[in-house]
Amino acid sequence: MTSDHEPGWLMDLEPVVEQLLGRHLRTSREWFPHQYVPWGQGRDFDGPLDGLPWQEAQSALSPTARSVLMLSILTEDNLPSYFQKPGVDRAGSGLA
């Protein structure tokens, strides 16, 4: 039975979401991006450490592999939240 605040399709999805979440929790492995960094090839890039700007030609990965890696890092580590302060846009001005 659905309430005025919960559409029927939401209730229909609940067992599917529960099953998929359970599968994810059973099969996922904890990992950390720093475990895959070749430290011998490391350097400081532009940012707070005033390093050199990164150039795409430095990557040994194919464009497809870079896209997959970026998506994985963004979704697994929630990196978008690290790059933007609440209430501030990318240009540094306050949001309207």
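As a reminder, the structure under discussion sits directly above these lines.
Parameters at a glance
Residues numbered from 1 in each chain as written. Predicted model: local features only at pLDDT ≥ 70, side-chain atom pairs only at ≥ 80, totals over all residues. Heavy atoms only, no water. Helix = DSSP H or I, 4+ residues; strand = E, 2+ residues; numbered from the N terminus. Areas by Shrake-Rupley, 256 points an atom, 1.4 Å probe, with all protein chains shown as cover. Salt bridge = Lys/Arg side-chain N within 4 Å of Asp/Glu carboxyl O. Patch = residues over 30% accessible without salt bridge, like charges linked within 9 Å, V, L, I, M, F, W, Y side chains within 5 Å. Buried < 20%, exposed > 50% of the residue type's maximum accessible area, 1.4 Å probe, protein only. Contact = heavy atoms within 4.5 Å.

A.B. asks: Lay out the overall build of the chain with the relevant residues and their values.
C.D. replies: On a plain count of helices and strands, the chain comes out with two helices and zero strands. For the chain, the computed accessible surface area is about 9,100 Å², with 58% contributed by carbon and sulfur atoms.

A.B. asks: Break down the pattern of salt bridges for me, citing the residues and quoting the values.
C.D. replies: For the structure shown, the criterion picks out one salt bridge. Here Glu56 ties to Arg66 by a salt bridge, and the two come within 2.7 Å at their closest N and O atoms. You can see Glu56 sitting in the loop between helix H1 (8-27) and helix H2 (63-77) and its partner Arg66 sitting in helix H2, a full 10 residues away along the chain.

A.B. asks: Residues and numbers for a nonpolar patch on the surface, please.
C.D. replies: A surface patch of nonpolar side chains, about 550 Å² in accessible area, is lined by Trp9, Leu10, Leu13, Val16, Val17 and Leu20. Examined against the element boundaries, Trp9 turns out to sit in helix H1.

A.B. asks: Before we move on, could you go through the side chain of Arg66 and cite the residues and values that matter?
C.D. replies: The exposure class of Arg66 is buried, given its relative accessible area of 18%. When neighbours within four sequence positions are excluded, Arg66 is seen to be in contact with Trp54, Glu56, Ser59 and Leu61.

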